[in-house]
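Descriptive analysis of the structure
Spelled out, the chains give:
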Amino acid sequence: SQRAVMDMTLVNPLGIAAIPPLPALVLGAAEDMLISPEDVVATAELLDVNAEILPHMGHMMMLDTRWERTAERLQQWLEDLPAEVLASADSYAAA
């Protein structure tokens, strides 16, 4: 939507706060015409993680013809999370 695009592209300097350290996977698409790889990298830097730019994909990675690559990367990231992170997520969800 136009509102979503505006929210993603306009930065409110008063609204930027420190983000607590959390596990995060930041994926971008090399052929994305809406969110540039540089913006993906900037987001990853805010979260203190590395960005991953998937080649030959557009903005809607899960609807792309190569969607399996995105799903596989997400699955691998979830499988690699430490057990204590998963346990804390389970206790949070139960609350």
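Above: the structure in question.
So, here is what we can say about the structure in this document. Keep in mind the model is a prediction, meaning the values are calculated, not measured.

1. Examining the nonpolar core
Listed in full, the five residues of the largest apolar core are Leu 27, Ala 29, Leu 54, Met 57 and Met 61. If we skip the residues at most four places from it in the chain, Met 61 touches Leu 27, Gly 28, Ala 29, Leu 54, Trp 67 and Thr 70.

2. Brief notes about unusual backbone geometry
For Asp 48, which is not a glycine, the phi torsion comes out positive at approximately 60°. Considering the arrangement of structural elements, one finds Asp 48 in the loop between helix 2 (37-46) and strand 2 (51-54). Phi at His 56 takes a positive value of approximately 60°, unusual for a residue other than glycine. With respect to the helices and strands, the residue His 56 is situated in the loop between strand 2 and helix 3 (67-80). With relative accessibility at 51%, the residue His 56 sits in the exposed group.

3. A look at the pairing of strand 2
Note: strand 1 (residues 26-29) against strand 2, four bridges, orientation parallel. For Ala 29, the partnering residue across the bridge sits in strand 2 and is Leu 54. What joins strand 1 to strand 2 is helix 2, and the crossover it makes is right-handed.

4. Regarding the pattern of salt bridges
Here the structure, examined in full by the defined rule, presents one salt bridge. The salt bridge partner of Glu 52 is Arg 73, with a shortest N-O separation of 2.6 Å. Taken as a pair, Glu 52 in strand 2 and Arg 73 in helix 3 lie far apart in primary sequence, 21 residues in all.

5. Some remarks on helix 3
For helix 3, spanning 14 residues, the distance from its first C-alpha to its last is 20 Å, which sits close to the expected 20 Å at 1.5 Å a residue. By the burial criterion, the buried members of helix 3 are Thr 70, Arg 73 and Trp 77. Angularly, the buried residues of helix 3 cover 65° about the axis, an arc narrow enough to put them on a single face. Buried positions along helix 3 lie against strand 1 and strand 2.

Reading the values: the criteria
- Residues numbered from 1 in each chain as written.
- Predicted model: local features only at pLDDT ≥ 70, side-chain atom pairs only at ≥ 80, totals over all residues.
- Heavy atoms only, no water.
- Core = buried A, V, L, I, M, F, W, Y, C linked by side-chain atoms within 4.5 Å.
- Buried < 20%, exposed > 50% of the residue type's maximum accessible area, 1.4 Å probe, protein only.
- Contact = heavy atoms within 4.5 Å.
- Helix = DSSP H or I, 4+ residues; strand = E, 2+ residues; numbered from the N terminus.
- Pairing = 2+ DSSP bridges.
- Right-handed = clockwise from strand over helix to strand, strands pointing away.
- Salt bridge = Lys/Arg side-chain N within 4 Å of Asp/Glu carboxyl O.
- Expected span 1.5 Å × (residues − 1).
- Arc of directions from axis to C-beta.

Purely geometric numbers; function is a separate question.
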